[in-house]
Amino acid sequence: MNISLNGRVAIITGASRGIGLAVAHRIHEAGGSVMLTSRKADNLAEALASFSSNLDRVATATGHVGRSEDAQHVIDATMERFGRVDILINNAATNPYFGPLLEIDDTRLQKTFEINQASIIYHCRAAYNAWMKEHGGVILNVASIGGLGPEPGIGWYNVTKAAVIHITKQLAYELAPAIRVNAVAPGLVRTELARGLWENGESEISAHIPLRRLGEPDDIATICLTLVSDASSWMTGQTVVVDGGTINQPTGGVG
Ligand SMILES: NC(=O)c1ccc[n+]([C@@H]2O[C@H](COP(=O)([O-])OP(=O)(O)OC[C@H]3O[C@@H](n4cnc5c(N)ncnc54)[C@H](OP(=O)(O)O)[C@@H]3O)[C@@H](O)[C@H]2O)c1
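Nothing here was measured: the structure is a model prediction, and the numbers come from that model.

A. The site of the ligand, seen in detail. Lining the immediate surroundings of the ligand are 30 residues, of which Ser-16, Ser-38, Asn-91, Tyr-157 and Thr-191 lie closest. Ser-38 has a polar side-chain atom sitting 2.7 Å from an oxygen atom of the ligand. A distance of 2.5 Å is found between an oxygen atom of the ligand and a side-chain nitrogen or oxygen belonging to Thr-191. For the ligand, the protein covers 97% of the area, taking 890 Å² as the surface of the free molecule. Among the cavities detected, the one that contains the ligand is the largest pocket. Its residues assigned to classes, the shell around the ligand shows 14 nonpolar, 11 polar and 5 charged.

The following block contains the structure:
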């Protein structure tokens, strides 16, 4: 099946690099128009330069996802530029704290909550009011396999990702049938966000992944493309794990 997104418009948050930029390229190749967003205009200019054709179908807007007024600005800019918002991909996230849950300071606790979790409500609400309420649409949230169980060090980030998985279920329930809402849960992917987790000891980490390598942004992007297309038109409220088999391993339990 050839996936076509001709005539559709997608907003991708955190699209200046990594998974977000890879998803934007896949959607653009499939004929869609893409609005790339992130905090920094310089990063977005670099991302824009990675597109070599059909530049009329690519635009950028700066915005901090953890601020509702910035989310509104991004949706307004998309409506102004392309006149519609068919697809919203809530991808941007942060992980400013590594350590036990009860030792996190309030500032980083709040920041992680705002950027990873509240941001999804800000963007969905603005896209809903501007376009999807009347015309329908597709929302895709980027969660993490960390949201599926406990892990050392990145516990608070993982709590916010568990919330992303639940927000996906709740919104899918509330917005059906006109709007589909799904999520993708990547394992460890070679990006800046996760550099601290893979840079030292990649071969050791890879040895523990059944498919024996880290994920690349495009491993996630191809699945995202399917999830936002009509190929997934009878699917909502689900989280698709893409992790090289990381969580599909013996538990070590007895019996
Ligand atoms: N990499 C992994 O191993 C992995 C695993 C599981 C899940 N994920 C998830 O995948 C998603 C993408 O992460 P990635 O690994 O591709 O990260 P990345 O390469 O570091 O890219 C992050 C993007 O988000 C933007 N960004 C950061 N903070 C932002 C904010 N407050 N407001 C708006 N944009 C912001 C960055 O651009 P600016 O700096 O210009 O703002 C950049 O475009 C995240 O939801 C992450 O949790 C990643």
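Now that the structure is up, let's keep going.
B. Spatial organisation of the side chain of His-64. With respect to the helices and strands, His-64 occurs in the loop between strand S3 (58-62) and helix H3 (68-82). Note on His-64: relative accessible area 19%, which makes it buried. There is a polar contact of 2.9 Å between the side chain of His-64 and the backbone nitrogen of Gly-66. His-64 has contacts with Arg-39, Asp-70 and Ile-115, leaving out every residue within four places of it along the chain.

C. The arrangement of the packing of aromatic side chains in detail. All told, the structure shown has 0 aromatic pairs when counted by the stated rule. Positioned above the aromatic ring of Trp-198 is the side chain of Arg-190, whose terminal nitrogen or guanidinium carbon lies 5.5 Å from the ring centre.

D. Looking closely at the sheet that holds strand S7 (residues 239-242). Strands sit in the order S3-S2-S1-S4-S5-S6-S7 across an open sheet of 7 strands; the sheet is parallel. Two strands bound the open sheet, and with one partner strand each, they are S3 and S7. Taken pair by pair, the neighbouring strands of this sheet meet at an average axis angle of 20°, ignoring direction. The pairing of strand S6 (residues 179-186) with S7 spans 4 bridges and is classified as parallel. Its bridge partner being in S7, Pro-186 is matched across the sheet by Val-242. Those strands touched by H3 are strand S1 (9-13), strand S2 (33-38) and S3, and its axis lies near 155° from that of S3.

Calculation notes
- Residues numbered from 1 in each chain as written.
- Predicted model: local features only at pLDDT ≥ 70, side-chain atom pairs only at ≥ 80, totals over all residues.
- Heavy atoms only, no water.
- Near = heavy atom within 4 Å.
- Polar contact = N/O pair within 3.5 Å; in protein donor to acceptor, adjacent residues only side chain to side chain.
- Areas by Shrake-Rupley, 256 points an atom, 1.4 Å probe, with all protein chains shown as cover.
- 1 Å grid on protein atoms, 1.4 Å probe; cavity = no way out; pocket = protein on both sides within 12 Å on 5 of 7 lines; lining within 4 Å.
- Sits in = over half its atoms within 2 Å of the grid points.
- Nonpolar A, V, L, I, M, F, W, Y, C, P; charged D, E, K, R; others polar.
- Helix = DSSP H or I, 4+ residues; strand = E, 2+ residues; numbered from the N terminus.
- Buried < 20%, exposed > 50% of the residue type's maximum accessible area, 1.4 Å probe, protein only.
- Contact = heavy atoms within 4.5 Å.
- Phe/Tyr/Trp six-rings, centres within 6.5 Å; stacked < 30°, edge-to-face > 60°.
- Lys NZ or Arg CZ within 6 Å of the ring centre and 35° of its normal.
- Pairing = 2+ DSSP bridges.
- Axes fitted to C-alpha atoms, helices over the stretch in contact; angles between N-to-C directions.

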